[in-house]
Amino acid sequence: AEYMGIDKKLVGMRVLTVTCNPSIDRTLHFPSIQIGKVQRTSIVHMQAGGKGLNVARVCQIYDCPVTATGYVVGKMGLVFDDLACKEFLSCEWYSSQGTGDTRISTLLTHDSSDATVLNEAGPILTENDWIEYTAFLLRLVQSGKYTHVCFCGSLPQGVSGESYAKFILHCASMSTKTQIIVDVSGETLAYLLLRPAGLHIKVNHEEFTEAYCLLKAQGSLVAGLLPRSTPLNGEYVRSASLEFIHQGARSIVVTFGKDGAFCAHPGGALLGGMPPLPKIISSVGSGDSFLAGYMISLANGGSFRDALIQGIACGASNTQTSVPGLLLKEDVESFASTVFIRDVQHEF
């Protein structure tokens, strides 16, 4: 089938991205990095960061109406808001009066290999902070403005993965006409995989393996327990994902970095990849760019095959820039022409 790219037919689509633990991303570039030595650079870039912000940037590049929301707090929260405004991103932040600060993430890029990321943990939320924040989010989700809601990224300290998963499922049950897309990990992902009905779930291979092994350790899956450090092979990913589809998930996507991506959907299963890239500047945000491309393609009337191609091409394009989410559409079109897809419904 001929690949259908993203065109201008995004009529009626509006996306809300939810980033519970956003960050100020400081990208510093060095020719090389030497641990234990003083190094200086004049190349510094700051932007409002977090997985949902990266998704929003790609949506904006494709003229898809998008609003970013998240929990911001403290003086760094004010800086974060200012940085987002400078990018002309549409935002509706929950500005907390609580303690702590919006975190800072430091991205170290250099000429010899992929970026190194140093993440702070973020603020600590009290139970009351979480109750007030989720009430704010629920009002946004139920406003009727948004056709797609993306829950992305990690949680602040003090919030359990199970609490977040239950909130996501509550949003899905209260807004049945809204497409719910999740890119989460750990306990949150494990809880959702047991209750995937109505969800699009996109994760990377390591996150899928961790959640799958958590479920096994809890006795939630019949198969024998794998060591926590053992990545699931392709056949485990395929068979498990198809079971989650059988339980009602709209789609399960597992990305494998440079080795491509897998997609299970109600009509089957697909595996996609592309030739190796000659150079990677930074892979930070590539999974988020994949998610945006995949989601927009489906909303634009594309098939799951089209969406997988678009996602892989957007993820690859993101590796060609040091700033997460600021990909070039011409790069996406070029990479899309090299993506290969095969049917793996019956074997990986």
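Scoring rules and cut-offs
Residues numbered from 1 in each chain as written. Predicted model: local features only at pLDDT ≥ 70, side-chain atom pairs only at ≥ 80, totals over all residues. Heavy atoms only, no water. pLDDT = per-residue confidence, 0-100. Contact = heavy atoms within 4.5 Å. Pairing = 2+ DSSP bridges. Helix = DSSP H or I, 4+ residues; strand = E, 2+ residues; numbered from the N terminus. Axes fitted to C-alpha atoms, helices over the stretch in contact; angles between N-to-C directions. Parallel < 35°, antiparallel > 145°, perpendicular 65-115°, else oblique. Left-handed = near helix turned anticlockwise from the far one by under 90°. Expected span 1.5 Å × (residues − 1). Buried < 20%, exposed > 50% of the residue type's maximum accessible area, 1.4 Å probe, protein only.

Turning to the confidence of the model for the protein chain, a few remarks are in order. Residues shown with low pLDDT carry predicted positions that ought not to be read at fine detail. When the pLDDT values of the protein chain are averaged, the result is 90; 93% of them are 70 or greater. The low-confidence segment residues 222-229 (pLDDT under 50) makes 13 contacts with residues lying over four places distant or belonging to another chain.

Time to look at the sheet that holds strand β6 (residues 103-110). Taken in spatial order, the four strands make up an open sheet running β3-β2-β6-β7, and their pairing is mixed. In this open sheet, the two edge strands, each paired with only one partner strand, are β3 (44-49) and β7 (116-119). Pairs of neighbouring strands in the sheet enclose a mean axial angle of 20 degrees, with direction left out of account. Set on the sheet, helix α2 (residues 74-86) makes contact with β2 (23-30), β3 and β6; between it and β3 the angle comes to about 95 degrees.

It is at 12 Å that the axes of helix α6 (residues 205-217) and helix α7 (residues 234-246) come closest, and there the two elements cross at 70 degrees. When the axis of α6 is compared with that of α7, the two are roughly perpendicular. Crossing handedness for the pair α6 and α7: left-handed. Between α6 and α7, the contacting residues are H205, F208, Y212 and K216 on the first element and Y236, V237, A240, S241 and F244 on the second.

Further remarks concern helix α4 (residues 161-174). Under the 1.5 Å per step criterion, the end-to-end length of α4 is 20 Å for 14 residues, consistent within 8% with the ideal 20 Å. What α4 keeps buried is the set G161, Y164, A165, F167, I168, L169, C171 and A172. Contact partners of the buried residues in α4: β1 (15-19), α3 (127-141), β8 (148-152), β9 (179-183), α5 (186-193) and β10 (199-204).

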